[in-house]
Amino acid sequence: MTTKLIRTPVIPRNKADPTQSARPVSRMFRDIENRYYQIKLAMRRLLDEKLTGRAQASNNQSYAVHGNVIYQVNAGTYIYDMTAAQLADLLQRVQMILDNNLLDGGSNNLWSLEYIIAEYERGTHQAFTNLSVQSPIYEQQTTLTQLLSRPAYLNQIAATSVSTYSDWRLESDKARGDLANVISDAVGRGINPSETAEIVSKRLDVSMSRAKNMAQTEQVGALRKAQRLETEWSRERLGLNTAMIHLSALKPTSRSWHVARHGHIYTPEKVEEWYAEGGNRYNCYCSQIPVILDDDGKVVNPGMVERLAKERAAWQPAPKKSKSK
Ligand SMILES: [Zn+2]
């Protein structure tokens, strides 16, 4: 009697986090929070030192609008005695504070890069494990060290180093523009320094939440890219019939068209195209893992496909319209 060994990919047990990135993402989030905390401290000191003038007795309730948020302020209660040059100098320092924290390490060694590289490694490791389980040929002919040192992999990291720097550069500039508006507006309308500092702090929270979204997109994006690279390479190098199986996060907040792909098979090229469309790559917790198909182009283990189809059918969207995951 012979037992037929069915080699199937390892499906992560946590259905809500198929990329298993909750921990690395929150580690980077803590770093980002700390950076914005440092920015706020420095901004506080800067504003205390540079916003000079005198209070005026009156109480005009007024409103300042920044972004889509309306701030209630006591306008006209403060008279600033600042020259245009002093204001320009202050705004220049704002930029320095933001750049020092958000562009720490510079274009060659940006602080965020270690998190992204870690995800490339993790994605490569996951793909390696999955392909080793499914193919004895792959297992015999591949080492993780070999994967992590090949040129395509290193080029990918170099390219990411450029794009992540440009993402953070953009956010730093955006925050600077926003704070410049807030501060100039406050000085122009006589909003007192402590209220101004308050608005600045809130605007930094808005920037931080954008930064976190960006970080999650970059991290999980790197993990998925590594999975695709390895899928493609196993095809080219060993002639394996490798494709990818989509595992959606299946959260109530998941986008229906992300869930609709759960358990379906795609080529890495198609996955890449899909992530280039619209906002698919933002806020996405889906995973795609390599799966080796049989000679007919089918998944070797039909039971797994059925199980995933059931999970797809059982998914219930959140009742109210809410932010997608
Ligand atoms: Zn998704």
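Above this text sits the structure in question.
Residues numbered from 1 in each chain as written. Predicted model: local features only at pLDDT ≥ 70, side-chain atom pairs only at ≥ 80, totals over all residues.

Trainee: Lay out the overall build of the protein chain in plain terms, naming residues and giving numbers.
Mentor: Of regular secondary structure, the protein chain possesses 10 helices and 7 strands. Structurally, the protein chain occupies a C-alpha span of about 95 × 45 × 25 Å along its principal axes. The buried share of the protein chain, reckoned over its 325 residues, is 31%. A separation threshold of at least 6 residues defines the contact pool for the protein chain, and within that pool the share at least 24 residues apart is 79%. (Helix = DSSP H or I, 4+ residues; strand = E, 2+ residues; numbered from the N terminus. Buried ≥ 20, exposed ≤ 12 C-beta atoms within 10 Å, placed from the backbone. Contact = placed C-beta atoms within 7 Å.)

Trainee: Give me the nonpolar core: which residues, what numbers.
Mentor: Core analysis: the largest hydrophobic core is formed by 30 residues, its most contacted members being Ile-32, Ile-39, Leu-98, Leu-179, Val-182, Val-200 and Leu-204. Of all the secondary-structure elements, those providing two or more residues to this core are helix 1 (22-50), strand 3 (69-75), strand 4 (78-80), helix 2 (84-102), helix 6 (151-189) and helix 7 (193-238). Considering every element that reaches this core, the biggest residue donor is helix 6, with 7 residues. Listed in part, the 27 residues of the second largest apolar core include Ile-116, Leu-147, Leu-229 and Ile-289. (Core = buried A, V, L, I, M, F, W, Y, C linked by C-beta atoms within 7 Å.)

Trainee: How would you summarise the environment of Leu-87 if you had to cite specific residues and measurements?
Mentor: Positionally, Leu-87 belongs in helix 2. As a C-alpha pair, Leu-87 and Leu-51 span 36 residues in sequence and 8.6 Å in three-dimensional space. With sequence-adjacent residues up to four places away left out, Leu-87 is seen in contact with Met-82, Ser-184 and Val-187.

Trainee: I'd love a proper account of the sheet that holds strand 6 (residues 265-266), names of residues and values included.
Mentor: The antiparallel open sheet is built from 3 strands, whose spatial order is 6-5-7. Edge positions in the open sheet fall to strand 6 and strand 7 (287-292), since each of these has one partner strand only. Looking at chain direction, strand 5 (residues 242-247) and strand 6 are connected through 2 bridges and run antiparallel. Directly across from Ile-245, in strand 6, lies its bridge partner Ile-265. Strands in contact with helix 7 are strand 5 and strand 7; relative to strand 7, the strand with the most contacts, it is inclined by about 15°. (Pairing = 2+ DSSP bridges. Axes fitted to C-alpha atoms, helices over the stretch in contact; angles between N-to-C directions.)

Trainee: I'd like a description of the environment of Lys-212, backed by residues and values.
Mentor: When you line up the elements, Lys-212 lands in helix 7. We classify Lys-212 as partly exposed; it has 17 C-beta atoms within 10 Å. Spatially, the C-alpha atoms of Lys-212 and Glu-33 are 8.9 Å apart, while their sequence positions differ by 179 residues.

Trainee: I'd like to hear about the packing of helix 7 against helix 9 (residues 268-276), residue by residue, with values.
Mentor: Viewed as axis vectors pointing N to C, helix 7 and helix 9 meet at an angle of 155°, and their least axial separation amounts to 9 Å. With respect to helix 9, the element helix 7 is oriented roughly antiparallel. Classified by chirality, the crossing of helix 9 by helix 7 is left-handed. Side by side, helix 7 and helix 9 meet where Arg-228, Thr-231 and Glu-232 of the first sit next to Pro-268, Val-271 and Glu-272 of the second. When grouped by side-chain class, the residues that make up the contact of helix 7 with helix 9 number 2 nonpolar, 1 polar and 3 charged. (Parallel < 35°, antiparallel > 145°, perpendicular 65-115°, else oblique. Left-handed = near helix turned anticlockwise from the far one by under 90°. Nonpolar A, V, L, I, M, F, W, Y, C, P; charged D, E, K, R; others polar.)

Trainee: Describe unusual backbone geometry, and please don't skip the residues or the numbers.
Mentor: The backbone of Gln-20 shows a phi angle near 50°, a positive value even though the residue is not glycine. Within the fold, Gln-20 resides in the segment before helix 1. Despite not being glycine, Leu-250 shows a phi value in the positive range, around 50°.

Trainee: Outline helix 1, listing residues and values.
Mentor: In a regular helix each residue adds 1.5 Å, so 29 residues correspond to 42 Å; helix 1 covers 41 Å between its end C-alpha atoms and thus fits that length. Of all the positions in helix 1, only Met-28, Ile-32, Tyr-36, Ile-39, Met-43 and Leu-47 are classed as buried. (Expected span 1.5 Å × (residues − 1).)

Trainee: So, the environment of Lys-270: which residues are in play, and what are the values?
Mentor: Tracing the backbone through its elements, the reader meets Lys-270 in helix 9. Judged by local crowding, Lys-270 falls into the partly exposed class, with 14 C-beta atoms found within 10 Å. Along the chain, Lys-270 and Ala-243 lie 27 residues apart, while their C-alpha atoms are 10.0 Å from each other.

Trainee: Please give an account of the packing of helix 1 against helix 7 that cites residues and values.
Mentor: At a closest axis distance of 9 Å, the pairing of helix 1 and helix 7 adopts a crossing angle of 155°. Considering the angle they form, helix 1 stands roughly antiparallel to helix 7. For the element pair helix 1 and helix 7, the recorded crossing hand is right-handed. Counted together, Pro-24, Val-25, Met-28, Phe-29, Ile-32, Tyr-36, Ile-39, Lys-40, Met-43, Arg-44 and Leu-47 of helix 1 and Pro-193, Thr-196, Ala-197, Val-200, Ser-201, Leu-204, Met-208, Ala-211, Lys-212, Ala-215, Gln-216 and Gln-219 of helix 7 form the full contact between these two elements.

Trainee: Lay out the pairing of strand 7 with the relevant residues and their values.
Mentor: Of all the 6 residues making up strand 7, 6 are buried; the element is thus mostly covered by neighbouring parts of the structure. Burial of strand 7 is two-sided: the residues Ser-287, Ile-289 and Val-291 facing one way and the residues Gln-288, Pro-290 and Ile-292 facing the other way are all buried. Examined bridge by bridge, strand 5 and strand 7 share 6 bridges and lie antiparallel to one another. Counted as the bridge partner of Ile-245 is Ile-289 from strand 7.

Just distances and angles here, no functional claims.
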